[in-house]
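Given next are the chains, with one letter for each unit.
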There are 12 protein chains.
Amino acid sequence: MILVLHGPNLSQLGSRDPAVYGAATVDELVDRVRALLPGVDAFTDESEARLVARLHAARSDGTRAVIANPGALTHYSYALRDALELLAVPKVEVHLSQTHARESFRRHSVVSPVVDVTITGAGAMGYELAARAAAELLRARG
Amino acid sequence: MILVLHGPNLSQLGSRDPAVYGAATVDELVDRVRALLPGVDAFTDESEARLVARLHAARSDGTRAVIANPGALTHYSYALRDALELLAVPKVEVHLSQTHARESFRRHSVVSPVVDVTITGAGAMGYELAARAAAELLRARG
Amino acid sequence: MILVLHGPNLSQLGSRDPAVYGAATVDELVDRVRALLPGVDAFTDESEARLVARLHAARSDGTRAVIANPGALTHYSYALRDALELLAVPKVEVHLSQTHARESFRRHSVVSPVVDVTITGAGAMGYELAARAAAELLRARG
Amino acid sequence: MILVLHGPNLSQLGSRDPAVYGAATVDELVDRVRALLPGVDAFTDESEARLVARLHAARSDGTRAVIANPGALTHYSYALRDALELLAVPKVEVHLSQTHARESFRRHSVVSPVVDVTITGAGAMGYELAARAAAELLRARG
Amino acid sequence: MILVLHGPNLSQLGSRDPAVYGAATVDELVDRVRALLPGVDAFTDESEARLVARLHAARSDGTRAVIANPGALTHYSYALRDALELLAVPKVEVHLSQTHARESFRRHSVVSPVVDVTITGAGAMGYELAARAAAELLRARG
Amino acid sequence: MILVLHGPNLSQLGSRDPAVYGAATVDELVDRVRALLPGVDAFTDESEARLVARLHAARSDGTRAVIANPGALTHYSYALRDALELLAVPKVEVHLSQTHARESFRRHSVVSPVVDVTITGAGAMGYELAARAAAELLRARG
Amino acid sequence: MILVLHGPNLSQLGSRDPAVYGAATVDELVDRVRALLPGVDAFTDESEARLVARLHAARSDGTRAVIANPGALTHYSYALRDALELLAVPKVEVHLSQTHARESFRRHSVVSPVVDVTITGAGAMGYELAARAAAELLRARG
Amino acid sequence: MILVLHGPNLSQLGSRDPAVYGAATVDELVDRVRALLPGVDAFTDESEARLVARLHAARSDGTRAVIANPGALTHYSYALRDALELLAVPKVEVHLSQTHARESFRRHSVVSPVVDVTITGAGAMGYELAARAAAELLRARG
Amino acid sequence: MILVLHGPNLSQLGSRDPAVYGAATVDELVDRVRALLPGVDAFTDESEARLVARLHAARSDGTRAVIANPGALTHYSYALRDALELLAVPKVEVHLSQTHARESFRRHSVVSPVVDVTITGAGAMGYELAARAAAELLRARG
Amino acid sequence: MILVLHGPNLSQLGSRDPAVYGAATVDELVDRVRALLPGVDAFTDESEARLVARLHAARSDGTRAVIANPGALTHYSYALRDALELLAVPKVEVHLSQTHARESFRRHSVVSPVVDVTITGAGAMGYELAARAAAELLRARG
Amino acid sequence: MILVLHGPNLSQLGSRDPAVYGAATVDELVDRVRALLPGVDAFTDESEARLVARLHAARSDGTRAVIANPGALTHYSYALRDALELLAVPKVEVHLSQTHARESFRRHSVVSPVVDVTITGAGAMGYELAARAAAELLRARG
Amino acid sequence: MILVLHGPNLSQLGSRDPAVYGAATVDELVDRVRALLPGVDAFTDESEARLVARLHAARSDGTRAVIANPGALTHYSYALRDALELLAVPKVEVHLSQTHARESFRRHSVVSPVVDVTITGAGAMGYELAARAAAELLRARG
């Protein structure tokens, strides 16, 4: 199974500042991954706790890789960081916008040091890239 | 034409710390892009000045997108940043290693704010992802 | 509808350090707003996630303004900030105590840059001021 | 008596960047206070020294509360801060614009720690809120 | 009653990096406390909000002391800090690993200034020490 | 009219550390401007308040450009900065010494971001340069 | 002549927080100096500009030494610093309270680097010490 | 042998600010350890050098564990840190007061990264906890 | 001879963001200098090394003054700084845009402390000002 | 008894950089104090430990005041600070040179916040001033 | 072969500020090495790129050790750092002047962490020391 | 006489982490110096005070040069720095390990700015280099 995780405010995609985030909804983003990978399980939640719990569950439910867009939790949730670090599968972090060109607090990700790959600024296509990265990481670890 | 730019020390790939950078040479990385995009022109150089000049040339030689791995210049070359900013085509920054999990000076890119997409940690496959990102950006700008 | 939002620990008002926070309960604070504005809906929660979700709901339930006291989330919850920024109605931030005269971490609000008005130190009356501010912002936007 | 104090550049209100500061003049702002409180004395001056001296006079001329918009002195005048601290009556700080959403130097007020209430971003109405806050502080101190 | 609180990711103890955190599960850690103190109530949760709420409940349910390991929330949850500060009983903070010898973000605890005792690096035995500390603090306060 | 503004301590030029500031008096500096531009009005004052007021007057007295050497106010007077920003004519900042090669506090100007041109280190001739810059800015704005 | 200079808010001594500043008025402080030195001229003013101008006058009116308590200007007035630096006579800085044990902004004096002697925390007696220091500096310079 | 080390000023315990440090003397604190562990050797000294030398001696005199309260040296003595690091036995750092709730310089320990366990705020009982921690560390290393 | 030096990306002037940099080409900028000074030698290069070498050559080729716009090297090239410092002729630094009003990294020049005069924000005319400054510096040094 | 304490390197006075420290020896400095106060005991030592121990002894040997020049320990010895703080008599800190005008590390004293009076820059006479300050503090505490 | 590398501006030695750098030319410095080691190859260049390339060549041309004085690149060239790190032979960094006693930017070397030995302040003799260090490192690695 | 000074913990060399510090004892290190220079006096001590006193003695006992490895005092002992500065003979600082590649606190030496030469990372051979440097400095000063 491939877990696709979305954090706070991403449920609002489609109607949230399309100039920055694009017009795609979370479902459409997940579909991008589904088109490339089998067995995708999407989990979108505003709650740090439920995201953490979902990652814990992933330790024993056959999850083989994670694609995560933690939303604003990216910048301060060491709890999420620890949960990701605990999970021994390939992990890809993805952000729709080019976070490096926005407010200064968005330039720092507490999550990046514990994931394998980070992709920023590619919009909806970023999920396709993330899916391919996950596939490749899985293949490499054989 | 798609310009694939490599900065200082990347010429040494293949024999440079394979645990961090993988076993692929620059030519093999460029081949990853070539497999996906037509008209690839590779430019690998240790010199900030020649990289800047190559980007200037790209303003009038039909270059339609840039995929750049500036090596260590990523962390301090505002000259390279300005040259990238000057160029009005889609730009993708790619790093083989997960720069966010290494020395602290590698966490800061002066280039990221002026490129469209940044990809770190995906190894050789990162070039494939970059090629797909460039293709999509070109399609979107139609 | 006017949404009055309270974050973590504010449920304990009335019995929390009265020298700093005063003797009023959350209900009494909301009543201050109700005395001045019709259609007040109060939402008090310890959970960042439920506060974020409530703000999302406000995007389509006829909410015309928000009065928010995010408690300690004020100082680090970029998730709450993003949820407030997403909502296109007048927004007023209110704190009972003069946060600027307390511990240094309380001087910085990640929420202030995305709300219209900030009021600190006015105690229970701050809610009355917030209500009047919200009313005026609504009138101004016609 | 209620002292309404304005610092440097506020004399230019009405013609100063209306998108940020609104169209009201200082007189109109003071009138907002007068409509709610009796015995208002307005003092507008570009001079830190005269503002300080006016606050000293207020120690013995029956001044019962102060509403102050110190303009740019807010960000560096420890002299004004000391003068405010010296005065044992209720004090309300008010700023027309949302200072927290502007240049970074405007986010820091050296005055806030010594006043009772701070109100930012409410425009001309902020003075009405300040007047109500002053009235309430006076009532509470009986 | 003695409340033993565990924050995010601690539910995974036993299987989480044993070199750092040891082999004991949360239940075994709580048993260490139970062996020394009567009336222990254990509460383990990934959610900041539920941890805060549990501390609020402790204000009126006869809780006489708290032993808390807030996990990664230690480093940023001012909400948890405020909830602990609100509670007027002896409080002991405990961390399994020597947080001072790990990543720099783990060196800073926003919780330490509001608890009576902090114990780091003692592994599972730290809970025994915490239990003894709580017992002594209770005795001292009579 | 062209307003030439001098801030604190510049009245002492001629007798102030000639190795740093040169031997010219303020009058001689203004004469440099007069030799190049008609209708020069010189205003030299130790007072931040009077400098601010003079700039306000310049909004309606036909002033077409400002050449300002704010002396030490350069480094902290946000009031002066705001007054300059308010004035919609060409503005040139000039310093006799090379401020960048002196004490570190002199390297930062709070005024530079709101003026058109800054000239440092050119000594008395800097006023001639400033006059030419003002003339050119006027021509360009036609 | 010996110039004794007092900056903002010191006119209020006697009635300003006696626990910190003592019960002596400015006149009484100056009398301490007068008891030890002939030809004392006292200048007390809230205005940075007038203090600066007074120091300029001191360059040619026979002033032989300066004793200065610049009040809050101590912490930010580079204009005052420059005026003091310009004056080639012995200079003593004196503060009634132990500034190093108060708010952090009071620990930094921009004036200290350009005066000969600094005395803090000695209360009214500090002026006597300052007078003696000035006398000695005069003697030493013969 | 168990070495109990006390640094500067701890010799004064009993008569030093009892509200912060309690009424116990160093001897009484050491007795707490003696009650739990055999073969305790106490060493109390104001001298960094003698503390360092004592730790060197401990490398070959059969010392099996160290309990250290380095006093103010905690905050800057890298020499003590190196001496502790050199010693390959279990090491416990203990402070009577909750250092994290006091002056900011007390929040940083240069010693913590090289000891196994740190205990703060437990008063005299902290030594009992330290003794138990040492015992357990010895058992674990068998 | 007067050396006019241009660093990276300035070769692109004319077609680079005219709103910021104006419409003039490097040749046109140099012509401004030529109109005022005889014997101008222009050197424009993307390479830090060649700029450094050109400055070395200037030590013995009769160069009497330097006008330099180092482009982005301004912000980090200590090599260029050293080369300028080595050269004992009058040196003028010039930037087309008002660097102080742009991105924060552009506010810091490592070159300013070793040149005589710095001019920012004057556009193409800045070169005319620089030429006059160079002429005057030459005259003053006789 | 009045204790006059000198820290490291002050034993070398007389032969240490007379331009900075003057020509007086420690004995001559102490004589300055002796001329004004009865019962002076001088203690000069390079050792932080012995200085601390001497201050401890002063708690019960009838010492009525301390005049201390801690030398370079001023800038980092929290042990000395604690020893001074422990001692409940008047304390005066004195430095021969104007520490605020030298290397930046000399601007910060960890001792100042716990002494009553600080005197810098007065040279040998500073000891006379310190003696008078001590006398006055003793009289005031009567 | 032993590679002796010199970076920007070192070609000017002999005529560059002899008080700081001494009178020796680069050739004379290299001769110092030659006198002690056989097979010395000197490479002096202003160009970061050519220095990097030379180091790459050294990976396969039999270079057995490197002695490098990178000039001002020392302080910012991460490209040079990476090139040095790539090369698996003994590496010695040498600076003529005592960089730690000069401008603050010269105190930080980005190269030091990847070389074996660093020698500063020894002037021309530093090269002799570097040669001996290289010889010893070669012997030790056998 | 040549003084070879060793600070805290260096007495333990030989048995201290040989991977970092090598297998040589202090005596063997001093022997390296003795092999090259006549009249070596070795002084090894844990005490800052005794090291300072030894340096004072060196002012009049015929000491002609100092080779110092201050151990951890390097990073904070301004007392040692002052003692070294006082001594007008050639001074060489030496560290066995490459301090620049270790913990961040080891990168900063408060001693380097007052010594002539600094050598790091050369292991035992560093003493040989230091001896040669001292010899050369003596020769140069004649």
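Residues numbered from 1 in each chain as written. Chains lettered and ligands numbered in written order. Predicted model: local features only at pLDDT ≥ 70, side-chain atom pairs only at ≥ 80, totals over all residues. Heavy atoms only, no water.

**Quick look at the overall build of chain A**
Heads up, the rule is: A run of H or I in DSSP becomes a helix once it reaches four residues, and a run of E becomes a strand once it reaches two; helices and strands are each numbered from the N terminus. All radius of gyration figures rest on C-alpha atoms, and the globule criterion is 2.2 Å times the number of residues raised to 0.38. Three exposure classes are used, based on accessible area relative to the maximum for each residue type with a 1.4 Å probe and protein chains only: buried under 20%, partly exposed in between, and exposed over 50%. Here, two residues are considered to be in contact whenever any of their heavy atoms come within 4.5 Å of each other. Per-residue and other accessible areas follow the Shrake-Rupley method at a 1.4 Å probe size, with only the shown protein chains counted as cover for residues.
Helix and strand counts for chain A come out as five helices and five strands. Its helices and strands in sequence order give chain A the pattern β-α-α-β-α-β-α-β-β-α, from N to C terminus. Its C-alpha atoms give chain A a radius of gyration of 14 Å, within 12% of the compact-globule value 14 Å for 142 residues. Taken along its principal axes, the extent of the C-alpha atoms in chain A is 40 × 30 × 25 Å. For chain A, the proportion of its 142 residues judged to be buried stands at 65%. In chain A, the proportion of contacts linking residues at least 24 apart, taken out of those at least 6 apart, comes to 76%. Carbon and sulfur atoms form 50% of the exposed surface of chain A, whose accessible area is close to 4500 Å².

**Describing the interface of chain F and chain D**
Inclusion rule: Each of two parts loses accessible area, computed with a 1.4 Å probe, when they are put together; buried area is these two losses added. Put simply, a salt bridge is a Lys or Arg side-chain nitrogen that is within 4 Å of an Asp or Glu carboxyl oxygen. N or O atoms within 3.5 Å of each other form a polar contact, as long as, within protein, one can give a hydrogen and the other can take it, and as long as residues adjacent in sequence are counted only when both atoms are side-chain atoms. Gly falls in the polar group here, along with every residue not listed as nonpolar (Ala, Val, Leu, Ile, Met, Phe, Trp, Tyr, Cys, Pro) or charged (Asp, Glu, Lys, Arg).
At the interface, 15 residues of chain F touch 16 residues of chain D. Both faces combined, the contact of chain F with chain D buries some 1300 Å², and carbon together with sulfur accounts for 54% of it. At the junction of chain F and chain D, the tally comes to two salt bridges. With a closest N to O distance of 3.7 Å, E103 of chain D and R81 of chain F form a salt bridge. Seen at the junction of chain F and chain D, the total is nine residue pairs in polar contact (both at pLDDT 80 or more). Counting residues per element, the ones that place at least two in the side of chain F that touches chain D are α3 (48-57) and α4 (78-86) of chain F. Top element by residues in the side of chain F that touches chain D is α4 of chain F. It accounts for seven residues. Of the residues belonging to the side of chain F that touches chain D, the class tally is eight nonpolar, two polar and five charged.

**Topic: the interface of chain C and chain D**
So the rule is basically this: Between any two strands, at least two bridges found by DSSP are needed for them to pair.
Contacts between the two partners involve 22 residues from chain C and, on the opposite side, 22 residues from chain D. Between chain C and chain D, a total of about 1800 Å² is buried, with carbon and sulfur atoms accounting for 57% of that surface. Counting the contacts that link chain C with chain D gives zero salt bridges. Taken together, chain C and chain D are joined by 10 residue pairs in polar contact (both at pLDDT 80 or more). Of all the secondary-structure elements, those providing two or more residues to the side of chain C that touches chain D are β5 (117-120) and α5 (125-141) of chain C. Top element by residues in the side of chain C that touches chain D is α5 of chain C. It accounts for five residues. In this structure, β5 of chain C lies alongside strand β5 (residues 117-120) of chain D, joined through three bridges in antiparallel fashion. Bridging across to β5 of chain D, I119 of chain C finds its partner in I119 of chain D.

**As for helix α2 (residues 26-34) of chain I**
All names here are of chain I. The condition that has to hold: Summarising the geometry, the arc corresponds to the directions from the helix axis toward the C-beta atoms.
Among all positions of α2, only V26, L29, V30 and V33 are buried. Down the axis of α2, the buried set is contained in an arc of 95°. They therefore lie on one face. Close packing links the buried residues of α2 with β1 (2-6), β2 (40-44), β3 (65-69) and α5 (125-141).

**Focus: the environment of P70 of chain J**
All names here are of chain J. In this structure, P70 sits in the loop between β3 (65-69) and α4 (78-86). Under the relative-accessibility criterion, P70 is labelled buried at 4%. For the pair P70 and H6, spaced 64 residues apart in sequence, the C-alpha separation works out to 5.5 Å. Every residue in contact with P70, bar those within four places of it in the chain, is listed here: G7, P8, L80, H95 and V111.

**Thoughts on the side chain of D82 of chain K**
Mapped onto the fold, D82 of chain K is located in helix α4 (residues 78-86). By relative accessible area, D82 of chain K is classed as buried at 3%. A distance of 3.0 Å separates a polar atom in the side chain of D82 of chain K from a polar atom in the side chain of R106 of chain B. Every residue in contact with D82 of chain K, bar those within four places of it in the chain, is listed here: N9, R16, A72 and R106 of chain B.

**What about the side chain of D45 of chain K?**
Residues and elements named next belong to chain K. Following the sequence through the fold, D45 ends up in the loop between β2 (40-44) and α3 (48-57). Among the polar contacts made by the side chain of D45, one reaches the main-chain amide nitrogen of S47 at a distance of 2.9 Å. Residues within four places of D45 in sequence aside, it is in contact with H6, G7, P8, R50 and L51.

**Let's talk about the nonpolar core**
As a reminder of what qualifies: Joining through side-chain atoms within 4.5 Å is the link that ties buried Ala, Val, Leu, Ile, Met, Phe, Trp, Tyr and Cys residues into a set, and such a set is a nonpolar core.
Ranked by size, the top nonpolar core spans 72 residues in total, and within it L55 of chain H, L55 of chain J together with L55 of chain L carry the most contacts. Those residues in contact with L55 of chain L, other than ones at most four positions away along the chain, are L3, L5, V66, L80, A83, L84 and L87 of chain L.

**Points about the relation of the copies chain C and chain D**
Test applied: We superpose the copies by least squares over the C-alpha atoms of residues that have a pLDDT of at least 70 in both of them.
Of the transformation superimposing chain C on chain D, the axial component is 0.0 Å and the angular component is 180°, with the fit at an RMSD of 0.0 Å. On the angle and the small slide along the axis, the relation comes out as a two-fold axis. Nearest to the rotation axis, the C-alpha of I119 of chain C is located 2.3 Å from it, this being the minimum over chain C. Of all interface residues in chain C, 100% are interface residues in chain D too; the two copies therefore contact each other through one and the same surface.

**As for the sheet that holds strand β5 (residues 117-120) of chain E**
What holds strands together in a sheet is hydrogen bonding between their backbones, with the strands either parallel or antiparallel. Put simply, the rule reads: To get an axis, fit a line to the C-alpha atoms, keeping to the stretch in contact for a helix; angles then go from 0 to 180 degrees between the N-to-C directions.
Spatially, the 10 strands line up as an open sheet ordered β2(E)-β1(E)-β3(E)-β4(E)-β5(E)-β5(H)-β4(H)-β3(H)-β1(H)-β2(H), and their pairing is mixed. Each having just a single partner strand, β2 (40-44) of chain E together with β2 (40-44) of chain H make up the two edges of the open sheet. Strand-to-strand twist in this sheet, taken as the mean axis angle between neighbours without regard to direction, amounts to 15°. Taken together, the five bridges between strand β1 (residues 2-6) of chain E and β2 of chain E define a ladder with parallel strand orientation. Bridging across to β2 of chain E, V4 of chain E finds its partner in A42 of chain E. Strand contacts of helix α3 (residues 48-57) of chain E: β1, β2 and β3 (65-69) of chain E, with the helix running at about 170° to β1 of chain E, the strand carrying the most contacts.

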